[in-house]
Amino acid sequence: MIVLWIVLGVLVVVVGVSSVVLVRRRAPVPPPAPPAPARPLPEAAPAPAAPPTEPAATEAAPAPPVHPARIEERLGKTRGVFAALRALRLRPSIDSGVWEELEEVLLRADVGLPTTEELRHRLDSRSVGGGEELLTALEDELRAMLSTQDRSLRFDPESGVTNVWLFLGVNGVGKTTTVAKVAKREMAAGKRVLLAAGDTFRAAAGEQLAQWADRIGAEIVQGAEGGDPSAVVFDAVQRAAARGNDLVLADTAGRLHTRVNLVEELKKIRRVADRPPGRVSEVLLVLDATTGQNALTQARLFTEAVGVTGVVLTKLDGSAKGGVVVAIERQLGLPVKLVGLGEGPDDLVPFDPGAFVAALLG
Amino acid sequence: MFEALSERLERISGRLRNRGRLSDADIDQALREIRSALLEADVEVGVVRQFVAAVRERCSGEVLARSLTPGQQVIKAVHQELIEVLGGQPLRLTYAPRPPTVVLLAGLQGSGKTTAAAKLARWWRQQGRNPLLVGADLQRPAAVEQLRVLGAQAGISVFSEATNPVAVAEAGVAEARRLGRDVCIIDTAGRLSVDQALMDEVRQIAAVTSPHYTFFVVDAMIGQDAVATATAFHAALDLDGVILTKLDGDARGGAALSVKQVVGRPIVFASTGERLNDFDLFHPDRMADRILGMGDVLTLIEQAERTMDEEVVTRSASRLLEGRLTLDDFLEQLQQVRKLGSLGSIMKLMPGMSKEIRQAAEQVDDKKVSRVEAIVRSMTPAERRDPSIIDGSRRVRIACGSGTSPQEVNDLLRQFREMQRMFKGGPARLGALFGGSPAAFPGAVADGGLRGRETAGLRGPKGRKKKGGRVTPPKRR
Ligand SMILES: Nc1nc2c(ncn2[C@@H]2O[C@H](COP(=O)(O)OP(=O)(O)OP(=O)(O)O)[C@@H](O)[C@H]2O)c(=O)[nH]1
Ligand SMILES: Nc1nc2c(ncn2[C@@H]2O[C@H](COP(=O)(O)OP(=O)(O)OP(=O)(O)O)[C@@H](O)[C@H]2O)c(=O)[nH]1
Ligand SMILES: [Mg+2]
Ligand SMILES: [Mg+2]
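Residues numbered from 1 in each chain as written. Chains lettered and ligands numbered in written order. Predicted model: local features only at pLDDT ≥ 70, side-chain atom pairs only at ≥ 80, totals over all residues.

Draft legend 1. The arrangement of the overall build of chain B in detail. Scanning chain B from N- to C-terminus turns up 23 helices and 8 strands. Nonlocal contacts in chain B, meaning residues at least 24 apart in sequence, comprise 75% of its contacts between residues at least 6 apart. (Helix = DSSP H or I, 4+ residues; strand = E, 2+ residues; numbered from the N terminus. Contact = placed C-beta atoms within 7 Å.)

So, in structure tokens, the structure goes:
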């Protein structure tokens, strides 16, 4: 612990000295910025949430069934990039050149250096003959790393319990869109869903979810812009209980995992949502498939803070492979539960490790 | 998580000190380390290969400088190469001969285009221009509404209509002309580079608006896909520059290098937060340090400036150096530092911490910090001023009040005394806390001169270490 003191001390000295110098140097330069609305701190007193807007459409359209070929087809868009890999299959024997190519394929898929090296060690210890065999072995190893058994979303059917699924993640990954997609799916499955517009910070975030609610015919509880997000979620749970909704899907504002205050705010939202009759049965971390190795840090810190129960991997319809989830599942034991494949309300499928690995390797 | 590249290089090449030239074997070994550092920072594989080749070119056969160890010399080469690649020709802002100067923003979904549009508008207004924002994202729910809210915050009007994106963009430019606005910033919907229809659409928008500048907006957290995406956008739009967003996180941002390499146009702006003033011109030198994991004090300082209460920090810093720090100050200081982020993430931004400290700091989790805070909070003001009055029964009371054990309270008090002693030892002792080698300091590696104007602010702590006492202690303002 002594280290903590040193670190703090040094930090304060460094920051103190430098910022004084910098502030002095910069002082005359910039014109005063108009005060930006400060982000509310978690301590902010709960403001009563505005009454929920009435559902625009009462009938939910049943979700069209997702065609099994669809994920393949979508994921297949970028195949061919790895045509080199197919040539690999034809190699009669394994030399270091083959390894290098293979390593490159994995790295390009954002699998990351440590996991790639681990895969290489594992394959080294399995005696494989030609390229074909090597690739099959690699697929096996990758699937083994994604060996979580249960990828279902937890729902407590107990009466008197209002299930809450919380969606969180860094900025712009697709939380709000995912909330809408999941709502549509769960409504088609017969759940009585209520959306909680827990992003009271970002410009027009509540409006964005409200428009989604309109589009899919879901009910929504919105709060005042700049209000306390946990108050909105609390309100949503109360209303859900009163009206007989059994599932609250709570959107939250995008926040970087490094912002302590905002992570505290998230903890508070979780605590409040867990108060009976509410019960947080899923905490879903939304990750963008285009994100590189930072996704691992995001997953670690958010899990430590609020106990993430599953991952939603969005934007897998693009050219990014999302390989970092291999490390996330393996190191943190966090299952990827859902995959986002587009901007429409039906572009959501369960995570399928086999299809994912196949797409990863082109 | 990552060991700073400088430390790795020091370790492998420290023993080569006395040779006259960098040998090929030395360079090979160093380049392997550089390769993994870059990959860990998310630089794209192909770009890493090119970059490593360029560094090899730069280093090979180079005469060893007398003042540098081989490790330092390689780092210097890497650093210079990075700054050159990231920097290159900066964008010299010009304006269209016939106003308005049209600026088109494009990029993947959620990369930060809409926010950047408002930030740019605000920035241009500060340059004395009169911009108009045009909302041409008619696809995402409430996208135009979002731009309107941001526009209102910045005090800049927003044009949009419910037709189609190409028509809106065209009408927006006409509207800017009609209103006599000299800059017209067009926000577009996010799109994937593999989505042919949407890529065609943005190409059409460019065709009808003839933008003076087309900027690619990209998230600093992006991984290997940066290259494929940037290539496709560049092919479709002939980009003029890049806006790098979400730099306020702890991503190493290797994407900057990948994108720069394939687009070949400057990274013009850096976005470092959600608020409209979290926006600035891009600094290649800072980015170079960050990618190499050499810490980014400037970012740290900027974050500090935004979040910390300067007076509190200066006061505790000077008390600390004078050996008069009380637990009250400490508590205050702790709260200030925690506003910046988790200790682990702060440490990543600190250059030159010795490896031992860095490793240990990673083990300090923020829960422990909260316990420390709870203990101090459970003390009476008198106890905080003078911890020596804390006896057995007081200790038990404090432990109860903070939900900890008397042993923990004891440890904390002992450590606090040790820290006071350590800092009282003055600058020289403080220096020992940093890694012994000057290579640990990015400024030193880059010969001081490379880092530009702002670096001057850093001479404080650096000077303190090397030349003890030359830096005047911070004064109360
Ligand atoms: N192609 C594609 N785009 C997606 C997917 N999911 C979300 N998006 C798009 O990504 C962008 C950001 O989505 P949002 O749902 O607003 O993201 P968010 O995480 O709520 O963002 P903040 O609340 O601002 O942090 C939007 O343009 C969405 O349409 C997906 O699976 N595929
Ligand atoms: N932390 C941080 N967040 C940012 C930054 N820039 C933008 N954001 C946030 O990222 C999210 C997405 O930003 P937008 O401006 O909506 O992104 P966009 O590219 O317009 O998104 P689409 O229109 O959906 O494609 C929002 O929550 C922004 O507040 C930044 O520099 N740092
Ligand atoms: Mg959102
Ligand atoms: Mg937008």
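Alright, that's what it looks like, and here's the rest.
Draft legend 2. Up close: the pairing of strand 5 (residues 278–288) of chain A. Residues and elements named next belong to chain A. Here strand 5 lies mainly inside the structure; 9 of its 11 residues are buried. As defined by bridge partners, strand 1 (residues 162–168) adjoins strand 5 across 7 bridges and the pair is classed as parallel. Bridge assignment links phenylalanine 167 to a residue of strand 5, and that residue is leucine 284. In this sheet, strand 6 (residues 310–314) lies alongside strand 5 in parallel orientation, the contact comprising 5 bridges. Bridge pairing links aspartate 288 to threonine 314 in strand 6. As a crossover connection, the stretch from strand 5 through helix 11 (residues 294–306) into strand 6 is right-handed. (Buried ≥ 20, exposed ≤ 12 C-beta atoms within 10 Å, placed from the backbone. Pairing = 2+ DSSP bridges. Right-handed = clockwise from strand over helix to strand, strands pointing away.)

Draft legend 3. Representation of the site of ligand 2 within the structure. The immediate surroundings of ligand 2 are formed by 26 residues, with Asn171 and Gly172 of chain A together with Thr114, Thr115 and Gly190 of chain B found nearest. Residues close to ligand 2 are split across chains A and B. For the shell around ligand 2, the per-class residue count stands at 3 nonpolar, 15 polar and 8 charged. (Near = placed C-beta within 6 Å. Nonpolar A, V, L, I, M, F, W, Y, C, P; charged D, E, K, R; others polar.)

Draft legend 4. How the structure looks around the environment of serine 271 of chain B. Residues and elements named next belong to chain B. Note on placement: serine 271 falls in strand 7 (residues 267–271). By C-beta crowding, serine 271 is classed as buried, having 25 other C-beta atoms within 10 Å. Beyond its immediate chain neighbours, meaning those up to four positions away, serine 271 contacts Gly112, Ala116, Lys119, Ile243, Leu244, Thr245, Lys246, Leu247, Asp278 and Phe279.

Draft legend 5. Spotlight on the site of ligand 1. Around ligand 1, the surrounding shell holds 28 residues, and the nearest of these are Gly174, Thr177, Gly254 and Gly340 of chain A together with Gln109 of chain B. Near ligand 1, the surrounding residues are drawn from chains A and B. In terms of residue count, helix 7 (residues 175–188) of chain A provides more of the shell around ligand 1 than any other element does, 3 residues in total. Of the residues assigned to the shell around ligand 1, the class counts are 6 nonpolar, 14 polar and 8 charged.

Draft legend 6. Here's a closer look at helix 9 (residues 229–243) of chain A. Residues and elements named next belong to chain A. In this model, helix 9 (15 residues) spans 21 Å end to end at C-alpha, consistent with the 21 Å of a helix rising 1.5 Å per residue. Those residues of helix 9 that sit buried are Pro229, Ser230, Ala231, Val232, Val233, Phe234, Asp235, Ala236, Val237 and Ala240. Contact partners of the buried residues in helix 9: strand 1, strand 2 (193–198), strand 3 (219–222), strand 4 (247–252), helix 10 (260–273) and strand 5. Phi turns positive, to about 85 degrees, at glycine 244, one or two residues after helix 9. (Expected span 1.5 Å × (residues − 1).)

Draft legend 7. Here's a closer look at the sheet that holds strand 2 of chain A. All names here are of chain A. Taking strand neighbours across the sheet as the criterion, the 8 strands line up as 3-2-4-1-5-6-7-8 in an open arrangement whose pairing is mixed. The sheet is open, and its two edges are formed by strand 3 and strand 8 (348–350), each paired on a single side. Going across the sheet, the axis of each strand differs from the next one's by a mean of 25 degrees, ignoring polarity. Judged from the 3 bridges that link them, strand 6 and strand 7 (residues 336–340) form a sheet pairing that is parallel. Bridging across to strand 7, valine 311 finds its partner in valine 336. Its contacts with the sheet place helix 8 (residues 205–216) against strand 2, strand 3 and strand 4, and it is angled at close to 165 degrees to strand 3. (Axes fitted to C-alpha atoms, helices over the stretch in contact; angles between N-to-C directions.)

Draft legend 8. Seen up close, the sheet that holds strand 1 (residues 101–106) of chain B. Residues and elements named next belong to chain B. One open sheet accounts for 8 strands, arranged 3-2-4-1-5-6-7-8; its pairing is mixed. The open sheet has two free edges, formed respectively by strand 3 (158–159) and strand 8 (279–281), since each of these has just one partner strand. Strand direction decides the pairing type here: strand 1 and strand 5 (residues 213–219), joined by 4 bridges, are parallel. What sits directly across from valine 103, in strand 5, is tyrosine 213. Along the sheet face, helix 6 (residues 143–154) touches strand 2 (131–136), strand 3 and strand 4 (183–188) and points at about 165 degrees away from the line of strand 2. Set on the sheet, helix 7 (residues 165–179) makes contact with strand 1, strand 2, strand 3 and strand 4; between it and strand 2 the angle comes to about 165 degrees.

Draft legend 9. Quick look at the confidence of the model for chain A. Residue and element names in this part refer to chain A. Predicted confidence across chain A gives a mean pLDDT of 82, with 74% of residues reaching 70 or more. When the criterion is pLDDT under 50, residues 15–72 qualifies, and its contacts beyond four places in sequence or with other chains add up to 99 contacts. Confidence over residues 74–82 falls short of pLDDT 50; this stretch has 13 contacts with residues more than four positions distant or in other chains. (pLDDT = per-residue confidence, 0-100.)

Draft legend 10. Region of the structure containing the packing of helix 3 (residues 45–59) of chain B against helix 10 (residues 255–263) of chain B. Residue and element names in this part refer to chain B. Interhelical geometry of helix 3 versus helix 10 gives an angle of 80 degrees and a closest axis separation of 10 Å. By the angle between their directions, the pair helix 3 and helix 10 is classed as roughly perpendicular. Contact with helix 3, carried on its side by Val47, Gln50 and Phe51, involves Leu257, Ser258 and Gln261 of helix 10 and no other residues of that element. (Parallel < 35°, antiparallel > 145°, perpendicular 65-115°, else oblique.)

Draft legend 11. Looking closely at the domain arrangement of chain A. Residues and elements named next belong to chain A. By the assigned domains, chain A splits into domain 1 (74–145) and domain 2 (162–356). A C-alpha centroid distance of 33 Å is found between domain 1 and domain 2. With 12 residues of domain 1 at the contact, the number on the domain 2 side is 17 residues. Elements that contribute at least two residues to the side of domain 1 that touches domain 2 include exactly helix 2 (68–75) and helix 6 (131–145). Here the side of domain 1 that touches domain 2 takes 3 residues from helix 6, the largest share from any one element. For the side of domain 1 that touches domain 2, the per-class residue count stands at 6 nonpolar, 3 polar and 3 charged. (Domains from an automatic or database assignment.)

Draft legend 12. How the structure looks around the nonpolar core. Judged by nonpolar contacts, the single largest core of 191 residues is most densely connected at Leu166, Leu195, Ala196, Leu249 and Ala250 of chain A together with Val103 and Ile185 of chain B. Setting aside residues no more than four positions away along its own chain, leucine 195 of chain A makes contact with Val179, Ala183, Leu209, Ala213, Ala218, Glu219, Ile220 and Leu249 of chain A. With 12 residues, the next largest nonpolar core counts Leu334, Ile398, Val409 and Leu412 of chain B among its residues. (Core = buried A, V, L, I, M, F, W, Y, C linked by C-beta atoms within 7 Å.)

Draft legend 13. Focus on unusual backbone geometry. The peptide bond linking proline 276 of chain A to proline 277 of chain A adopts the cis configuration, its omega dihedral lying at 5 degrees. Positionally, proline 277 of chain A belongs in the loop between helix 10 and strand 5. Of note, the amide linkage connecting proline 99 of chain B to proline 100 of chain B takes the cis form, showing an omega dihedral of 0 degrees. Of note, proline 100 of chain B is situated in the loop between helix 4 (70–87) and strand 1. Of note, the phi angle at aspartate 110 of chain A is positive, near 65 degrees, even though the residue is not glycine. Locating aspartate 110 of chain A in the fold gives a position in the loop between helix 4 (96–108) and helix 5 (113–125). Despite not being glycine, aspartate 238 of chain B has its phi angle at roughly 50 degrees, a positive value. Position of aspartate 238 of chain B among the secondary structure elements: in the loop between helix 9 (225–237) and strand 6 (241–245). A residue is classified by how many C-beta atoms lie within 10 Å of it, and aspartate 238 of chain B, with 13 of them, is partly exposed.

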